[in-house]
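Residues per chain, in single letters:
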Amino acid sequence: MKLAIHGGKPIRTTPFPAYKVIGEKEKKAVMEVLDSGILSRYLGCWHEDFYGGPQVQALEKEWADYFKVKHAIAVNSCTSGLYCAVGAIGVEPGQEIIVPPFTMTATATAPIIFNAIPVFADIEHDYFCLDPESIEDRITSRTKAVIVVDLFGQPYDVERINAIAKKHDLVVIEDTAQAPGAVFADKYAGTLGDIGVFSLNYHKHIHCGEGGMVVTDNDDFAERIRLIRNHAEAVAADKGMSNIVNLIGFNFRLPEMEAAISRCQLKKLESLVSERINNCNYLADKLAGIPAIIPPPTRDKCSHVYYVQPFRFIEQIAEITRDIFIEAVRAELPVTELREGEGPLLSSGYVKPLYLLPIYQQKIAYGSHGYPFSLLPDNKQVCYDKGLCPVTELLHEKEFFCHELMRPGMSRRDLDDVVSAFFKVWKNRKQL
Ligand SMILES: *Cc1c(COP(=O)(O)O)cnc(C)c1O
């Protein structure tokens, strides 16, 4: 059979169905907010409205109950939630925060906002989350915290990393943007470290367009997060804050309509997650029939909620490169509705290891003289050289691929088309 990449007939050209999770309940909730006339009720001063309007406060209560955590704080993105978290822990300029390089950029820029220095540790070859041994290797007397990412939908190595953090007195900030609803033992991802941050952006499991949630059991962190969210410097004195470190205010307030949508979305989380898991299990099972493809293992005591479905591709077994193989599979597949411009939702690699971005390569963030990277003592230089995280680089350059063709809305027939595309290319790979 002639491969589509060589002009043959593709497995499928009709688009896959869109991931549509906004329905009548959200519409009704938004109309109620509009009718109420209260589109946001924050005041940036010490007043009862410092904590926001009725939808925001209801969302926070429901989120805290659902995830079994003391405080949930609504923000306008996961990025702003990460900024709040880093500020709240009282990091000093020039202190170091350990982060993974295989993640969305905001995980690593959050420290920079408060003049701390991101230090990249490598990730696990099998689970793709921060590698505990690499974290230990990067710890110095200046390390303040580690930002772990529950990458692609499963929790970080909670037992080992939390033990390292305890030993070295580090704060654990958990970036749970990709893993809402995942669990470790009987606890939800997001509540496994000291502070957890969720995303409610359009691409995530549940969303309100743009939004985020920060959770913590720590009262002090929670209050400082609320202050950073809402003009801290204008509020601190009247609120009686004695410790004003990093209480620089932003406006990270989530509006009422987005909060109302998020409340409806939270109710759908469980069923959306279980449909993803079913679809991914089905695909992993089928694709395991291709010896060069290694489906993702799920960590002991954890569940995986699949923001994307990650795989490794072993070139030595296939005798062709990952990039050629994936390009050929893409040629067999259609686009997905509402995201036509992105082409088929299957890609080689994920992100370029973050330390290779210009901000780190040139060490230019604030101004043009290397600040805050220049804050290390004795002219020490933080390392962002190629080769810094060999596992991440191997995955990025040769092994890793992922797809989003398992989102709820995909039928068994749709999934079977995905499988057929992979097998067609596998069986005919000699043509490549
Ligand atoms: C999406 C994402 C973010 C940022 O989320 P926003 O809500 O868009 O700011 C941060 N970290 C990870 C791992 C993400 O996937």
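So, how was this worked out
Residues numbered from 1 in each chain as written. Predicted model: local features only at pLDDT ≥ 70, side-chain atom pairs only at ≥ 80, totals over all residues. Heavy atoms only, no water. Core = buried A, V, L, I, M, F, W, Y, C linked by side-chain atoms within 4.5 Å. Buried < 20%, exposed > 50% of the residue type's maximum accessible area, 1.4 Å probe, protein only. Helix = DSSP H or I, 4+ residues; strand = E, 2+ residues; numbered from the N terminus. Domains from an automatic or database assignment. Contact = heavy atoms within 4.5 Å. Buried area = accessible area lost by both parts, 1.4 Å probe. Salt bridge = Lys/Arg side-chain N within 4 Å of Asp/Glu carboxyl O. Polar contact = N/O pair within 3.5 Å; in protein donor to acceptor, adjacent residues only side chain to side chain. Nonpolar A, V, L, I, M, F, W, Y, C, P; charged D, E, K, R; others polar.

This brings us to the nonpolar core. Trp63, Phe120, Ile135 and Ile173 are the most contacted members of the largest nonpolar core, which has 111 residues in total. When residues of this core are assigned to their parent elements, the largest contribution, seven residues, is made by helix α3 (residues 78-88). Here this core spans two domains, and each of domain 1 (4-21 + 269-351 + 392-431) and domain 2 (24-267) adds at least three residues to it. Excluding residues within four positions of it along the chain, Ile135 makes contact with Ile98, Ala121, Leu130, Val146, Ile161 and Ile164. The next biggest cluster of nonpolar side chains, apart from the first, holds 33 residues, and it includes Ile290, Ala328, Phe401 and Phe423.

This part is about the domain arrangement of the protein. In terms of domain boundaries, the protein breaks down into domain 1 (4-21 + 269-351 + 392-431) and domain 2 (24-267). For domain 1 and domain 2, the distance between their C-alpha centres works out to 30 Å. In this complex, domain 1 contributes 32 residues to the contact, which on the side of domain 2 involves 40 residues. Between domain 1 and domain 2 lies a buried interface of about 3100 Å² when both sides are counted; carbon and sulfur atoms form 58% of it. Among the residues of domain 1 in contact with domain 2, Leu269, Arg299 and Tyr307 are the three that bury the most area, contributing 27% of the side total. For the pair domain 1 and domain 2, the number of links is two salt bridges. Of the charged contacts in the structure, one is a salt bridge between Arg299 and Glu124, with a shortest N-O distance of 2.9 Å. Scanning the region where domain 1 abuts domain 2 turns up 19 residue pairs in polar contact (both at pLDDT 80 or more). Only α9 (256-287), β11 (309-313) and α13 (390-399) provide two or more residues apiece to the side of domain 1 that touches domain 2. Taken together, the residues that form the side of domain 1 that touches domain 2 break down as 18 nonpolar, five polar and nine charged.

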